[in-house]
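Descriptive analysis of the structure
Residue-level listing of the chains:
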Amino acid sequence: MAINENRFVADLHKLREFGASGVGKGVIRPAYSEADIAARTWLANRMADAGLTPHFDPVGNLFGLADGPSLLMGSHSDSQPEGGWLDGALGVIAALEIARSSDQPVSVVSFQDEEGRFGVTTGSAIWSGGLPLDQADELTDHTGIPFATARGAMGDLTEGFVDPTRFTGFIEMHIEQGPTLDTQKEQIGVVTDIVGIRDMVVQFEGQQNHAGTTPMHLRRDAFQALSAFNTRLNDRFRNVVTPQTVWTIGHVDLHPNASSIVPGRVRFSVQWRDGDADRLARMEEIIRVTAAEIAAEMGMGLSYGPMLGLEPVAMDPSLRAALEHGAEQVASGKWRRMPSGALHDATNVSRLMPVAMLFVPSINGISHDFAEDTAESDLIAGLHVLDHAVQRLQPKP
Ligand code: HGY
Ligand code: MN
Ligand code: MN
């Protein structure tokens, strides 16, 4: 059966209705939210309609299983707290369309908490054995809710973990989430490698006090500590990083966060990414040394939350070659090989089986924002590349 472009586009828009933000095409569908669980329930029904057997594992990863050995395709359907409609959703719905049109068995997956409400690509990290379930259960989100409690919201739906040996490989289609393809007016990116990441929480504890009466030289102000730490860190990193290295302080919890109180405590995330594991380790050392210096100089207590991370990984050459062949058929002269600076479930799945990834452009390179979008013609081009690749991978009689 041929792929059905209209059905693919209609399902993508249907998924967008779960947690629609009302701003552009944006969605608010964080892992285990009501909208996320409703979307997964709808997806499970679409999988069943496609002749697949829906299966929720203990952490809410949703599989649509084909009978016997199969290729696995998909991505995630949870979103960032302010997310775009395609990040993850595209890979899941494209997989569904391939599964219902392909001659060979294709299973579909939507991993849970790829966006890291509780960690880094949590659902696929647990399934792949990279993160033990008992350790994951102790992780908390930024409001203090434990992972164990959140996944309990899916309790009635879940069964055991799926045996990964039933899958012959994994292909994930995704939006690029960066400017390269859009700037170069290209349609397809075939991923060569996915960068590695480290992510941890740092806390400075000073002394909360009155903002009118506490002399400047007696303060132990947690915000001033964070500010000094950030400036010194940027300076120190300059000797170590490349133009591709990135680091972000993206979440800051300043206590008690009031205009007339010298803040006594700050807890903040530090995340850094690079394609070289040695560089990631060197950056961690710099972070820890710098934080300890600031704490000593400014009279702060210093503590760290759990350090999470994923190693850089290369894509499987034969799956990648099938995608390259498809890209040449569909978008000759308008595709490239490229690394991924964003993280993906494929990194975790590569512990279990060969993996490969395909990108389509992000308009203006914007993602993790309600404004995220891709031209419909590019979404459809990506779907056709997948279709070509899957046909090429079909076992020869
Ligand atoms: O942060 C990432 O790279 C991914 O979108 N979760
Ligand atoms: Mn994603
Ligand atoms: Mn994302």
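The structure we're discussing is the one just above.
Residues numbered from 1 in each chain as written. Chains lettered and ligands numbered in written order. Predicted model: local features only at pLDDT ≥ 70, side-chain atom pairs only at ≥ 80, totals over all residues. Heavy atoms only, no water.

Take the site of ligand 1 next. Residues in close proximity to ligand 1 include E114, E115, R273, A342, L343 and H368, which together make up its full environment. Between ligand 1 and E115 there is a distance of 2.9 Å, counted from a nitrogen atom to a side-chain nitrogen or oxygen. Taking L343, its main chain carries an N or O atom lying 2.8 Å from an oxygen atom of ligand 1. Taken by itself ligand 1 offers 210 Å² of open surface, and the protein chains cover 90% of this. (Near = heavy atom within 4 Å. Polar contact = N/O pair within 3.5 Å; in protein donor to acceptor, adjacent residues only side chain to side chain. Areas by Shrake-Rupley, 256 points an atom, 1.4 Å probe, with all protein chains shown as cover.)

All told, the structure shown has 24 salt bridges when counted by the stated rule. D11 is paired through a salt bridge with R46; the nearest N and O atoms lie 3.1 Å apart. Taken together, the residues D11 in helix α1 (residues 5–16) and R46 in helix α2 (residues 34–49) connect sequence positions 35 residues apart. Overall, R46 belongs to the partly exposed group, its relative accessible area being 22%. The closest approach of N and O atoms between K14 and E17, which form a salt bridge, is 3.2 Å. When its relative accessible area of 33% is taken as the criterion, K14 is described as partly exposed. Salt bridges sharing partners connect three or more residues here, namely R7, D11, R46, D49, E97 and R100. (Salt bridge = Lys/Arg side-chain N within 4 Å of Asp/Glu carboxyl O. Helix = DSSP H or I, 4+ residues; strand = E, 2+ residues; numbered from the N terminus. Buried < 20%, exposed > 50% of the residue type's maximum accessible area, 1.4 Å probe, protein only.)

Our next topic: the packing of helix α10 (residues 317–331) against helix α12 (residues 376–393). Close contact between α10 and α12 brings their axes to 8 Å; oriented N to C, the two are set at 130°. On the basis of their axis angle, the class for α10 and α12 is oblique. For the crossing formed where α10 meets α12, the hand is right-handed. Each of S318, L319, A322, L323, H325, G326, A327, Q329 and V330 in α10 lies in contact with α12, whose residues at this interface are A381, H384, V385, L386, H388, A389, R392 and L393. By residue class, the composition of the contact of α10 with α12 is 10 nonpolar, six polar and one charged. (Axes fitted to C-alpha atoms, helices over the stretch in contact; angles between N-to-C directions. Parallel < 35°, antiparallel > 145°, perpendicular 65-115°, else oblique. Left-handed = near helix turned anticlockwise from the far one by under 90°. Contact = heavy atoms within 4.5 Å. Nonpolar A, V, L, I, M, F, W, Y, C, P; charged D, E, K, R; others polar.)

Below, the discussion takes up the coordination of the manganese ion (ligand 3). Tetrahedral coordination by four donors sets the ideal angle at the metal to 109.5 degrees; octahedral coordination by six donors sets it to 90 or 180 degrees. Within the protein, the manganese ion (ligand 3) binds to D87 (OD), E115 (OE), E115 (OE) and H368 (NE2); these donor distances fall in the range 2.1 to 2.4 Å. Of note, the donors binding the manganese ion (ligand 3) are all from one chain and are spaced D-x27-E-x252-H. Between the manganese ion (ligand 3) and the manganese ion (ligand 2), a spacing of 3.6 Å is present, and a bridge between the two is formed by D87. Pair noted here: E115 is in the loop between β4 (106–111) and α4 (122–127) and H368 is in the loop between β17 (355–360) and α12, with a separation of 253 residues, a long-range link. You can call E115 buried: its relative accessible area is 14%. (Donors = N, O, S within 2.8 Å, 3.2 Å for Na, K, Ca; no water.)

A few words now on α2. Spanning 16 residues, α2 covers 23 Å between terminal C-alpha atoms, matching the ideal 22 Å at 1.5 Å per step. Taken as a whole, α2 has its buried residues at A35, D36, I37, A39, R40, W42, L43, A44 and M47. Buried residues belonging to α2 abut α1, β1 (53–56), β2 (62–65), α3 (89–101) and β4. Positive backbone phi, at 85°, marks G51, one or two positions downstream of α2. (Expected span 1.5 Å × (residues − 1).)

Turning our attention to the layout of surface pockets. Taken as a whole, the second largest pocket holds about 340 Å³ of empty space. Along the walls of the second largest pocket sit 18 residues, with A125, G130, L131, G309 and L310 positioned nearest its centre. Elements with a contribution of two residues or more to the lining of the second largest pocket: β14 (308–310) and α11 (345–349). For the lining of the second largest pocket, the class distribution of residues is nine nonpolar, six polar and three charged. (1 Å grid on protein atoms, 1.4 Å probe; cavity = no way out; pocket = protein on both sides within 12 Å on 5 of 7 lines; lining within 4 Å. Points joined across faces, edges and corners; volume = space filled by probe spheres on them.)

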